[in-house]
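Residues per chain are reported as follows:
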Amino acid sequence: ANALKVLSTASRGVAAGFNGQPQAQEAVLQAAKTVMENSQNLILQAKKSLADPTAPENRNNLARAAKAVSQALSSMIGCLPGLRDVDAAIKAIANGSQKLVSGQYPHLDQSYQQLQLALSEAGAGLNASASNLVVASRGSNDMLAAAAKRFADDFMKMLDAAMGVAGAAKDKQDQAQVVGYTRNVSVAASKLLLAGKALAADPNAPNAKNQLSGAARNVTESINSLLGLCSSTTPGQKECENALRSIRASESMLEHIREPVNQASFFACQQSVREAAVSTNEQMGNVSNNLKRGNMREFGDNITATAKLVSNLIESAAQSAYLVGIADPSSVAGTPGLVDSTQFAQAHQAVTTACETLLNPQSSQQQVLSAATQVAKHTSALCNVCKGASAKTTNAVAKKHFVQSAKEVANRTADLVKSIKALASNPSDATREACARTTRPLMEAVDSLTTFASSPEFASVAAKISPSAQENMKPILDAARHMVASSCSFVGAARNLCGSQDDTPGWQLLNQHSKAVADSIRKLLEEITAKAPGQKECDESIMHMNQAVNQIDQATLGAISNTLQPRAESTLQGFHEQVMSALAEVDDAIDPVVSAGKQESERLGHEVITVCSHFTPLINGMVGAASKTKDHNRQVSMLNQAKTLAESMLELLYAAKRSGGNPDATAAHQELVEAAQNAHDAVKDLSSTIESAASASGAVSSLVDSIQKAAIRVDEPLMAAPGKSYVDYQESMVQAAKNIAMRSQDILGKSGTDPPAMLPLAQDVAQNYNSLAADARNAVATTEQEEVATRIKQTVAALGKSSSDLVLSTAAAASSPNDMYFRRELSDAARAVSEKVSRVLKALQAGSRGTQACLDAIEELSGIVGDLETTTMFASAGTLGPDNADDAFANHRDKILTNAKALVQDTKELVSSAASSQEKLASAVTHILGTSRKLATTAKLGAASLGSDDKEAQVLLLNAVKDVASALSGLMGATKNASGKGANDPEVEDLRSAAKVMVTNVSSLLKTVKTAEDESARGTRAIEAALDAISQAITNLNSGEAVREEASPEDLIRSTKTITSATGKAVTAGNSGKQNEAIVAANEGRKAVVGLLTTCKAAALRAESPQARDYALESGRKCGQSYHQVLEHVLSMMQKPTPEKKQKLPELSKAVAVAVSEVVRAAEGLKGSDWVNPDDPNVIAENELLAAAASIEAASKKLAQLKPRQSARAADESLSFDEQILEAAKAIAAATGALVKSATQTQRELVAQGRATSSASGPSYLKDDDGQWSQGLVSAAKMVAGTTGQLCDAANALVQGGASEEKLVAAAKGVAKSTAHLLLACMVKADPNSDSARRLQEAGNAVKTAAEHLVQAAQTAAEAAQEEQITVALSSRKTGQIAAELEAQEIILRKERELEQARIKLSKLRELKYGHGQKDS
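Computed from a prediction, not measured in an experiment: that's the story for all the values here. (Residues numbered from 1 in each chain as written. Predicted model: local features only at pLDDT ≥ 70, side-chain atom pairs only at ≥ 80, totals over all residues. Heavy atoms only, no water.)

### Let's talk about the packing of helix α14 (residues 365–392) against helix α15 (residues 396–425)
- Where α14 meets α15, the closest approach of the two axes is 9 Å, and the angle between their N-to-C directions is 165°. By the angle between their axes, α14 is roughly antiparallel relative to α15. Judged by the sense of rotation from one axis to the other, the crossing of α14 with α15 is left-handed. Across from Gln365, Val368, Leu369, Ala372, Val375, Ala376, Thr379, Cys383, Cys386, Ala389, Ser390 and Ala391 in α14, the residues of α15 making contact are Lys399, Phe402, Val403, Ala406, Val409, Ala410, Thr413, Leu416, Ile420, Leu423 and Ala424.
- Here the contact of α14 with α15 is composed, by residue class, of 18 nonpolar, four polar and one charged. (Axes fitted to C-alpha atoms, helices over the stretch in contact; angles between N-to-C directions. Helix = DSSP H or I, 4+ residues; strand = E, 2+ residues; numbered from the N terminus. Parallel < 35°, antiparallel > 145°, perpendicular 65-115°, else oblique. Left-handed = near helix turned anticlockwise from the far one by under 90°. Contact = heavy atoms within 4.5 Å. Nonpolar A, V, L, I, M, F, W, Y, C, P; charged D, E, K, R; others polar.)

So, in structure tokens, the structure goes:
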């Protein structure tokens, strides 16, 4: 209603502007009245539709009312000043063009040359009027009105002149050609007026300026074609005139650039200018040469080619300038619309013109057919555009409308074509009336579609180029204008020389203009190259990033020197949140930089500046967070990670600059992709660190923010196409969802037992949700079901909300573990997360019920295979028997056969359902899984019924069923991968192969069942089944399927032993020909070979080099094939034994032995450079040395915790004896630790230099020289560690008052003695001049010095103690003195006897020790 009020006021103002033109005033007011009436009707119809939306009549009436309003508005726009005159000009041209179909030509009293000259002048005038109309379309209404009237007048002059030339033509063919070319001019003129009207009506209309320029060029080209047909000027001059008109018409592209001229990239334009420069110079040279030689035909071709090249240069320059303009950070690039409304308008005009021709009684049969062709061409184009628009739009209503409109146009076109065929074959009033009846519905359909497509919501948005960007564009446009002027001067000079080749000044002028053209093109290329989009912004961003690196370096220096002052701008939590938010923005901005750097140079500047804008708050937040962190090491670590990220971003910016948006710079693209991946990794690492820090400090806001942003990004479209299928994303989403559910329950469990562990679990929830949301975007993009995509978006968003609540509840419960309210909230949040996870899983399954059924079936089949393997183990042990003693195999044979045959049919249905819907696939999977369950159950009962006495037959039957179950599992996996793929997809071929394997295994099972009770054929059947299993194992070895198990080279070597045993049994079975031995050989050989090949593949995947991996796989394949040949030969011998076959059997078994040795060699190659033999004496020695070092280090820590006994001495005295002893003991421990580490390094150097060889055997190291040396080294190291431990114990006891100083002295001397032994053991083979030997000697000296200091301190302490404790008091009586002396002598004798006994005991201990060692040796 408000819009209608404004329209009413505006219409009165426009009418008042037509002063003195009552007809124009009346037309404006009447048009406004019509709009009001139709708008009123539209509102009424909308009200009725709202009351009853389902009524078809209401919908049709509403559509008709909307169409009437649109038509009324179009009519009203046509009444505006200027546009009214344009409509009058269009009508005048249409009326005048009727002369072309009348067949009546004027006969004038003028010569043919005069008529040609008049036509040439009229054509030049019309071309000038077209250029004037282009300029006026951007000017005032008066300018447009005058330009339109002049254009119409000049067209009529040209038309009259063309009709005069046609009348003077001598034959009908010439007349038809003149009329045809003139009609082309008429059509081009009408399109130019329509384009000018569109631009004048809406100067901001998308692509209107380009459409106007294109229409002007079409007018020029049609005039050139007409004049070229009718002119007879001096040879070459016609081409020069046409070239001048073409160049001047193209020049309009350089004015008012606000939209792209074409779809070329900047570098495509640059390359086009470079190539055109070479071609233009070549053509100008040809112009001069052909003009000198008088080759005027070739001269004309050269002039035409030069004009075309110049026009291309103008177009490339205009496009380059546009790209430079929108690349400026202050500009806003235009956005393309859903459809091109101008394309619809042109198609509408073309269909209207063609229909008028059809309805014209004067139209010939040829004209009718030509009009039909035009109708079919343009309506087909409209249908294709509608199809593309419906695929691109997300508006369901618009999608449906485009599809229905396209169908309507297509149906009406088909009806019209039928009527046209009847009209062309039988022109009559009846057929023409029938054609008219079918024309009207088509016109209505096209008109309705054009009106709908012209809606503003489908229109593109023009670019907004800033003044600074226009300054950047100016050098390119100025160079292009200079090139246009030089080119026109060159063509003009060439035209003047056409009639006078001897004009020397003219030739000089031509050469000057030729050089000017070449210079101007070179200048244009230089300006384009200098203004390459994004380069300036990349340089600025690189400088900005270097400043960020310097800022981090300064902060790191402050952290190292403990001068990093805490920032007061925010709290630690606030800085963490700032960093996490900035990291998310930076991570999102990396991929757009890659995309722009690869092929969108105009976006490169915007994207790199966006990255840098997010990096400033990131660095400030990192420095702030580091300043608030108390842990010094964590400060440095955080800043180092921030620097790593900044350097990664620098690498990305340099790579983006080198790539520059050039699609052809593929080498730079690879560098750009690698740099982007490094940047992503750096962001991920830093995010993990900050999240850990945030969780530790209770700052969960960043986690909640990351979850919320991830949930929002689910609705955003992808920048690039997904690289995987829906099933792949479904699997990863299922895993992430399950992880979230598990973590929520873990959080709930930790709330009562370990509250501090809750926050790290919340961090895991956030990380898993981010992964889930990222995969959800890809899953939505890959699913074909819109309902499923909507469900995934909704359920993932709901899970994000619940996950955010869970994180917040976790933080609250962790801060107040005893608060029952918080714990209740946490329980509710965990339950909500579990519910949302189940909804996500259901949504994913809805999108792939079939593939999900395949995944579930694979899991269940794995259980069936495991159950069969367990049953086989019981059968092999002879403990598998029937529950009922009367049970017989015959009771189960038919059931097994029936289920097996049904499995074949189910397999066919499963394969066919892979290309069908998910529901059909799920049904097929369920059916075949049920059949496999029945088969496994009946097979186990049947095997048990055979009895434990016939265990080989039991194993044979169970293996056959297990093969079927395993093949079915592989078939399920292939079906999952092939679901929804095309018939030629490699996954479908894999499915067919898996189906063949399945059918083969079922056939083998059928044979096994039929011969289960036939002892004469049981062995043969077992060998056949083993051969099939081995063949499949060989095939799996060469396939790309992943192996779940892990295996080492040692496992591979061990698995070869069973091959040797199985080969022996196969040879025995072949020589004897007994069925029972054949069964044993087949079962053991099958198990051994399959196990070997599985282990081989698992071990090969861990190889360090591709060569080692390939060699291992090849050797495994050869081994399997060799044993396969042995079994084949044994089977042949059992079926038809001959002496020749027996003689060949040893040769085949020898081949197996050779293959086994190859496998062993390959396993040795898989061990890699870092593999060590645990039985190598040098390895043992090094490990023992490291253990000794660890023991000494532990003793040192123990010493460091000891404190001296409390002393009653004054505080200002020097260190006490206890303190001196402890310090000396600590010094000994540190010195022995350094000594053992030096011994370890020396031992490694000896092995590296070859002085101590490595032994691959086990205990034999005790018998060789190196082994004995290693044993001595180990013994010496253990002695050092042991004596150091005793030293620590003695020091501890001394401090606590439980031991004497003598015991500590003895321990210290023991350390010194064991150190000497270790030095001697190391120096036996070491180079005395090497650095390691020097360090070893220094370490030994340090131990010796520390031991001496300890002994000296202990002796001093002992002497002091003796002085304090020994007090002599002589009695005054002589008898007392003698008694005291005798008592002292007694003590001396007793101590001497104890000393002697101690020496004897030490001697015996040494004898026992060394004697035992000699016996061992």
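### Considerations on the side chain of arginine 245
- The residue arginine 245 is located in helix α10 (residues 237–250) in this model.
- Buried and unpaired, arginine 245 has no salt bridge, with glutamate 241 as the nearest side chain of opposite charge at 4.2 Å.
- In this view, arginine 245 contacts Asn127, Thr220, Ile223, Asn224 and Leu227; residues no more than four positions away in its chain are not counted. (Buried < 20%, exposed > 50% of the residue type's maximum accessible area, 1.4 Å probe, protein only. Lys, Arg positive; Asp, Glu negative; His and termini not counted. Salt bridge = Lys/Arg side-chain N within 4 Å of Asp/Glu carboxyl O.)

### Some remarks on the nonpolar core
- Counting residues in hydrophobic clusters, the biggest one holds 56 residues, and the most contacted among them are Phe299, Met483, Leu510 and Leu524.
- Residue assignment for this core shows that the elements contributing at least two residues are α10, α11 (266–293), α12 (296–327), α17 (467–497) and α18 (504–530).
- It is α12 that provides the largest number of residues to this core, a total of 15 residues.
- Setting aside anything within four residues of it in sequence, one finds leucine 510 in contact with Leu291, Phe490, Ala493, Ala494 and Leu497.
- Grouped together as the second largest cluster of nonpolar side chains are 52 residues, Leu921, Ala939, Leu946 and Ala994 included. (Core = buried A, V, L, I, M, F, W, Y, C linked by side-chain atoms within 4.5 Å.)

### Notes on the confidence of the model for the protein chain
- Per-residue confidence for the protein chain averages 78 on the pLDDT scale, and 82% of its residues sit at or above 70.
- Highest mean pLDDT in the protein chain belongs to helix α19 (residues 535–560) (89); lowest belongs to helix α39 (residues 1177–1200) (51).
- Confidence drops under a pLDDT of 50 for residues 1205–1215, and excluding neighbours within four residues, the segment shows eight contacts in the predicted structure.
- In the model, residues 1412–1417 has pLDDT below 50 throughout and makes one contact with residues more than four positions away in sequence or in other chains. (pLDDT = per-residue confidence, 0-100.)

### Considerations on the side chain of serine 250
- Along the chain, the position of serine 250 falls in helix α10.
- Here serine 250 falls in the buried class, since its relative accessible area comes to 2%.

### Quick notes on the packing of aromatic side chains
- Taken as a whole and assessed by the stated rule, the structure comprises one aromatic pair.
- An angle of 90° between the planes, with centres 5.6 Å apart, marks the rings of phenylalanine 266 and phenylalanine 267 as edge-to-face. Pair check on accessibility: phenylalanine 266 and phenylalanine 267 agree, each one buried. (Phe/Tyr/Trp six-rings, centres within 6.5 Å; stacked < 30°, edge-to-face > 60°.)

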